[in-house]
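Structural overview for review
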Amino acid sequence: MKITVIGAGNVGATAAFRLAEKQFAKELVLLDVVEGIPQGKGLDMYETGPVGLFDTRIKGSNDYADTADSDIVIITAGLPRKPGMTREDLLMKNAGIVKEVTENIMKHSKNPIIVVVSNPLDIMTWVAWKQSGLPKERVIGMAGVLDAARFRSFIAMELDVSMQDVNACVLGGHGDAMVPVVQYTTVAGIPISDLIPADRIAELVERTRNGGAEIVNYLKQGSAFYAPAASAVEMVEAIVLDRKRVLPCAVSLDGQYGIDGTFVGVPVKLGKNGVEQVYEIKLAASDIEALQKSAAIVDENCDLLKSIFA
Ligand code: TXD
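Keep in mind it's a predicted model, so treat the numbers as computed, not measured. (Residues numbered from 1 in each chain as written. Predicted model: local features only at pLDDT ≥ 70, side-chain atom pairs only at ≥ 80, totals over all residues. Heavy atoms only, no water.)

**Points about the domain arrangement of the protein chain**
Spelled out, the test is: Throughout the structure description, domain borders are defined by an automatic or database domain assignment. Contact between two residues is taken to exist if any of their heavy atoms lie within 4.5 Å; hydrogens are not considered. Defined here as a combined quantity, buried area equals the accessible surface (1.4 Å probe) lost by two parts on assembly, summed across both. Salt bridges are counted wherever a side-chain nitrogen of Lys or Arg sits within 4 Å of a carboxyl oxygen of Asp or Glu. Polar contact criterion, stated in full: a pair of N or O atoms within 3.5 Å, where within protein one must be able to donate a hydrogen and the other to accept it, and residues adjacent in sequence count only if both atoms are side-chain atoms. By definition, any uninterrupted DSSP run of H or I lasting at least four residues is a helix, any uninterrupted run of E lasting at least two residues is a strand, and each is numbered from the N terminus. Throughout this entry, Asp, Glu, Lys and Arg are counted as charged residues, while Ala, Val, Leu, Ile, Met, Phe, Trp, Tyr, Cys and Pro are counted as nonpolar. The remaining residues, Gly among them, count as polar.
For the protein chain, the assigned domains read domain 1 (2-141) and domain 2 (144-309). Domain 1 and domain 2 are separated by 21 Å when their C-alpha centres are compared. Domain 1 puts 36 residues into the contact, and the matching count from domain 2 is 38 residues. Summing the contributions of domain 1 and of domain 2, the shared interface buries around 3200 Å²; its carbon and sulfur component is 79%. Three residues stand out in domain 1 for area buried against domain 2, namely Phe-24, Asp-122 and Trp-126, and they jointly supply 20% of the buried area on that side. Inspection of the region where domain 1 meets domain 2 yields two salt bridges. The salt bridge involving Asp-254 is made with Lys-136; its shortest N-O contact spans 3.2 Å. Our count for the contact surface shared by domain 1 and domain 2 stands at four residue pairs in polar contact (both at pLDDT 80 or more). It is helix α5 (residues 121-132) that contributes the most residues to the side of domain 1 that touches domain 2, nine residues altogether. Tallied by class, the residues present in the side of domain 1 that touches domain 2 amount to 20 nonpolar, six polar and 10 charged.

The following block contains the structure:
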């Protein structure tokens, strides 16, 4: 098993370190455009091996030849929004980066599974899929696992119970377009509506929706990375160990929920082949509408990007 992480920034480096500790891959490549950063971070991680007790060979690189024959690639490359940049400028910039990264990956790996983390997530997942030419089961976006983890942690905090017993269902896009489904959110099978008053649940939902911004406000520079990296690694684990985990991921739908050909967050089964099943669960009409609205925003943005593929 060979795993490559593109982008040696906060999320990429944290994910790489976690992957090394879990020993999922014999070979791990950390790649970035900036010279020295992936090499330095990669070597530092490798030197943890004797004390962390792992034998993963970690290589930091700026050269895609080193990524050859990767089984799984995580894409975290991207730029943060700079002063004066509109959302659309950032969209174009990051789409260009994800397109170029994917093109380079595909020059050296025939049939990888790609896990996309770069923002805006659902749209960047589409860009990677379109550029890669891979079947849609092999290009998967990470957002729902993180959003559900945030919701689960707030519920565990609220009730003072183990995180392990809290399960949350969060669908839709990342950010404002997120669709937390309260009726499928439980503590050891007990619906949270039996345990937490409705107005308080609404507050926890709102905190989840703003989960990214809450961390950015503390950090001032940069955004959350521990939970995002752990969430991407959880998806990789499901694939590497063929665990058939049911996780919310951004995948291309095929008519489910009345959505066709758009990447949106829904529950899927993840195993060695990538997305092995898409679940179409029963939802309230308002949730379906929210999901479709989320998909419409993704479609509009993908339309804006069609020119880069012309
Ligand atoms: O839930 C989610 N999907 C997210 C997404 C949660 C957290 C972060 N999310 C997004 O992931 C975030 O908005 C960014 O788009 C990415 C990566 O976040 P991170 O916090 O790791 O950003 P950094 O620290 O700025 O790292 C980005 C790295 C940096 O080292 C750049 O040099 C590199 O990407 N980069 C590139 N690498 C390779 N190739 C190219 N072209 C390139 N351009 C920049």
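**Examining the side chain of Ser-61**
Inspection of the secondary structure puts Ser-61 in strand β3 (residues 57-61). For Ser-61, the side chain forms a polar contact with the main-chain nitrogen of Asp-63, separated by 2.8 Å. Contacts of Ser-61, omitting those with residues within four sequence positions, involve Val-29, Leu-30, Leu-31, Asp-32, Pro-38, Gln-39 and Asp-66.

**A few points about the sheet that holds strand β10 (residues 186-187)**
Condition: Whether two strands pair comes down to DSSP finding at least two bridges between them.
Taken in spatial order, the three strands of this open sheet run β7-β10-β11, and their pairing is antiparallel. This sheet does not close on itself; its edge strands, each paired only once, are β7 (166-167) and β11 (190-191). As defined by bridge partners, β10 adjoins β11 across two bridges and the pair is classed as antiparallel. Considered in β11, the bridge of Thr-186 is made with Pro-191.

**Observations concerning the pairing of strand β14 (residues 274-278)**
Inspection of the sheet shows strand β13 (residues 260-271) paired to β14 by four bridges, in the antiparallel sense. The partner of Val-268 across the bridge, within β14, is Val-278. Linkage of β13 to β14, two consecutive antiparallel strands, is achieved through a turn of two residues.

**Regarding the environment of Phe-17**
Looking at the element boundaries, Phe-17 is found in helix α1 (residues 10-22). A sequence separation of 27 residues divides Phe-17 from Asp-44, and the C-alpha atoms of the two residues are 9.7 Å apart. Ignoring anything within four residues of it in the chain, the contact list for Phe-17 reads Met-45, Thr-48 and Phe-54.

**Examining the packing of aromatic side chains**
Rule in force here: Stacked, tilted and edge-to-face are the three classes assigned to paired rings of Phe, Tyr and Trp, where Trp is represented by its six-membered ring and a pair needs centres within 6.5 Å; plane angles under 30 degrees give stacked, over 60 edge-to-face, the rest tilted. Buried residues are those whose accessible area, probed at 1.4 Å on protein chains only, stays under 20% of the maximum for their type, while exposed residues exceed 50% and partly exposed ones sit between those limits.
All chains considered together, the criterion is met by three aromatic pairs. Here Trp-129 and Phe-263 contribute two aromatic rings whose centre-to-centre distance is 6.0 Å and whose plane-to-plane angle is 55 degrees, an arrangement assigned as tilted. With Trp-129 in helix α5 and Phe-263 in strand β13, this pair connects stretches of sequence that are 134 residues apart. Consider the rings of Phe-225 and Tyr-226, whose centres lie 4.5 Å apart with planes at 35 degrees: the pair is tilted. Classification of Tyr-226 by relative accessible area gives exposed; the value is 61%.

**Brief notes about the site of the ligand**
Selection criterion: Only a single heavy atom is needed: when it lies within 4 Å of a molecule or strand, its residue is near that molecule or strand. Using a 1.4 Å probe, accessible areas were evaluated by the Shrake-Rupley method; residue-level cover was limited to the displayed protein chains.
Taken together, 25 residues are adjacent to the ligand, and Asn-10, Val-11, Asp-32, Val-117 and Met-142 come closest. Here Val-117 contributes a backbone N or O atom positioned 3.1 Å from a nitrogen atom of the ligand. A distance of 2.8 Å separates a nitrogen atom of the ligand from a polar backbone atom of Met-142. Here the ligand has 860 Å² of accessible area as a free molecule, and 85% of this is covered by the chains. Counting only elements with at least two residues in the shell around the ligand, the list comes to α1 and α4 (87-108). Among the elements that take part in the shell around the ligand, α4 stands out by supplying three residues, more than any other.

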